[in-house]
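# Chains, contacts and geometry: an overview
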Amino acid sequence: MSDEPLLRAADLSVSLTGTIIVDRISLALERGKLTVLVGPNGAGKTTLMRALAGLLPAEGRIELQGRPLREISARERARHIAYLPQGHVFHWPMSVAAVVALGRHPHADAFAPLSDADRVAVGRALVATAIEPWAARTVTTLSGGERARVALARALATQAPILLADEPTMSLDPRHQLVVMELLARAAHDGGAVLAVVHDLALAARFADRIVMMERGRLVADGSAREVLTPQRIADVFAVEATITDSAVGPIPILQRPI
């Protein structure tokens, strides 16, 4: 198995309506690692994720397994990069199973029936996210947290080697936040590369193999939780006083008060 990063960005910049949102970021996503992206609101995290997925024009260079991303068709790109946006909005009254099956579209013709491999992938995604009992339910009848798990299942069903997840724990109760983070870690440790935006610094510290921190469009830290989530850096970037508690799962930041 190659040690080459699955996805690499070099000097990546994105401007929206004349404002620089992402400023000369270089980042490589490695196979086998859950990388968590943290930063305050407005730091540019979502814009960076969308640029890495090929959904926004950007200056600089993005390579998918050594190939320039801009030279790869949208269909092929979707087979390699599963993008889970924040929000989990479903407009059509489809069944949960049908929504999850949409994750298989990059692998087949638009109107082709599901293959045996597709059905296996969908079934595994339903089981992994614990939504198999809802397979026949209409997705628009689900709660926000339940829809979040359906959206994650759709992304997992793609079986792409790269998963970009923007706030995948948003709207979830504490138990399902842990379930989702465990799923993302498993997807990475099974050989994928996962980048997830997470606002809860304790969750990030507990599950991330690597944490990258953004502020005002730039990367300001990159390393382990112990290296990145220091009290001084949390104060500087988030304007929050924090202490670090060593636990059985590693160092956990405890937020004390705003500064």
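Reading the values: the criteria
Along each chain, residue indices are assigned from 1 in the same order as the chain's sequence is written. With pLDDT at 70 or above as the cut-off, local features in this predicted model cover only qualifying residues; side-chain atom pairs require 80 or more to be listed or tallied, and sums for whole chains, interfaces and linings still use all residues. For side-chain calculations, the full set of non-hydrogen atoms in the structure is used, while hydrogens and water are omitted. By the criteria applied, helices consist of DSSP H or I runs no shorter than four residues and strands consist of E runs no shorter than two, each listed in order from the N terminus. The quantity called the radius of gyration is restricted to C-alpha atoms. Its globule counterpart is 2.2 Å times the number of residues to the power 0.38. Per-residue accessibility, obtained with a 1.4 Å probe over protein chains only, is compared with the maximum for each type, and a residue is labelled buried under 20%, exposed over 50%, and partly exposed between these values. Whether two residues are in contact is decided by their heavy atoms, any of which lying within 4.5 Å being enough. Pairing between strands is defined by DSSP: at least two bridges between them are needed. A fitted line through C-alpha atoms serves as each axis, taken over the contacting stretch for helices, and the angle formed by two N-to-C directions is quoted from 0 to 180°. Cavities and pockets are defined on a 1 Å grid built over the protein atoms alone: a cavity is a set of grid points where a 1.4 Å probe fits but cannot escape, while a pocket is an open set with protein on both sides within 12 Å along at least five of seven lines, and lining residues are those with an atom within 4 Å of any such point. Grid points are joined across faces, edges and corners, and a volume is the space filled by probe spheres set on the points. Ten residue types, Ala, Val, Leu, Ile, Met, Phe, Trp, Tyr, Cys and Pro, are classed as nonpolar, four, Asp, Glu, Lys and Arg, as charged, and the remainder, Gly among them, as polar. Left-handed describes a crossing whose near helix is turned anticlockwise from the far helix through less than a right angle; right-handed describes the clockwise counterpart.

### A closer look at the overall build of the protein
In terms of helices and strands, the protein carries nine helices and twelve strands. Against the globule reference of 18 Å for 259 residues, the protein gives a C-alpha radius of gyration of 18 Å, in line with a compact fold. Overall, the protein is about 55 × 40 × 40 Å in size when its C-alpha atoms are taken along their principal axes. For the protein, the residues scored as buried account for 47% of the 259 residues in total. By sequence separation, contacts in the protein at least 24 residues apart represent 65% of the contacts at least 6 residues apart.

### Topic: the sheet that holds strand β6 (residues 81–84)
Sheet strands line up and pair through hydrogen bonds in the backbone, either parallel or antiparallel. Reading across from one edge, β6-β7-β8-β3-β9-β10 is the order of the six strands in this open sheet, with mixed pairing throughout. Only two strands of the sheet have a single partner each, and these edge strands are β6 and β10 (218–223). Along the sheet, successive strands turn relative to each other by an average axial angle of 15 degrees, direction set aside. Here strand β9 (residues 210–215) runs beside β10; their pairing, made up of five bridges, is antiparallel. Within β10, the position partnered with V212 by the bridge is D222. Running at roughly 175 degrees to β6, helix α5 (residues 144–157) makes contact with β6 and β7 (162–166) of the sheet. Most of the contacts of helix α6 (residues 174–189) go to strand β3 (residues 33–38), to which it runs at about 130 degrees, and overall it touches β3, β7 and β8 (193–197).

### Considering unusual backbone geometry
The backbone phi angle of E167 is positive, close to 55 degrees, even though this residue is not glycine. Within the secondary structure, E167 is located in the loop between β7 and α6. For E167, a relative accessible area of 15% corresponds to the buried category.

### What about the sheet that holds strand β2 (residues 19–29)?
With antiparallel pairing, four strands are arranged side by side in an open sheet as β2-β1-β4-β5. The sheet is open, and its two edges are formed by β2 and β5 (67–68), each paired on a single side. Sheet topology places strand β4 (residues 59–64) next to β5; two bridges connect them, and they run antiparallel. Each bridged residue has a counterpart across the sheet, and for E63 the counterpart in β5 is P68.

### Comments concerning the layout of surface pockets
Put simply, the largest pocket is a space of about 460 Å³. As for the largest pocket, its lining consists of 19 residues, of which L156, Q159, A160, A187 and D190 are closest to the centre. If you list the elements that add at least two residues to the lining of the largest pocket, you get α4 (116–128), α5, β7 and α6. Top element by residues in the lining of the largest pocket is α4. It accounts for four residues. Grouping the amino acids of the lining of the largest pocket by side-chain chemistry returns 13 nonpolar, three polar and three charged. Taken as a whole, the second largest pocket holds about 370 Å³ of empty space. In terms of lining residues, the second largest pocket is bounded by 18 residues, among which A78, I81, A82, Y83 and T158 are the most central. The set of elements that each furnish at least two residues to the lining of the second largest pocket consists of α2 (74–80), β6 and α5. It is β6 that contributes the most residues to the lining of the second largest pocket, four residues altogether. Split by residue class, the lining of the second largest pocket holds 13 nonpolar, three polar and two charged.

### A few points about the packing of α4 against α5
Relative orientation and spacing of two packed helices are given, respectively, by the angle between their axes and the distance between those axes. In the contact formed by α4 and α5, the axes pass within 8 Å of each other and the chain directions differ by 145 degrees. Between α4 and α5 lies a crossing of right-handed hand. Listed contacts from α5 to A121, V122 and A125 of α4 are A153, L156 and A157.

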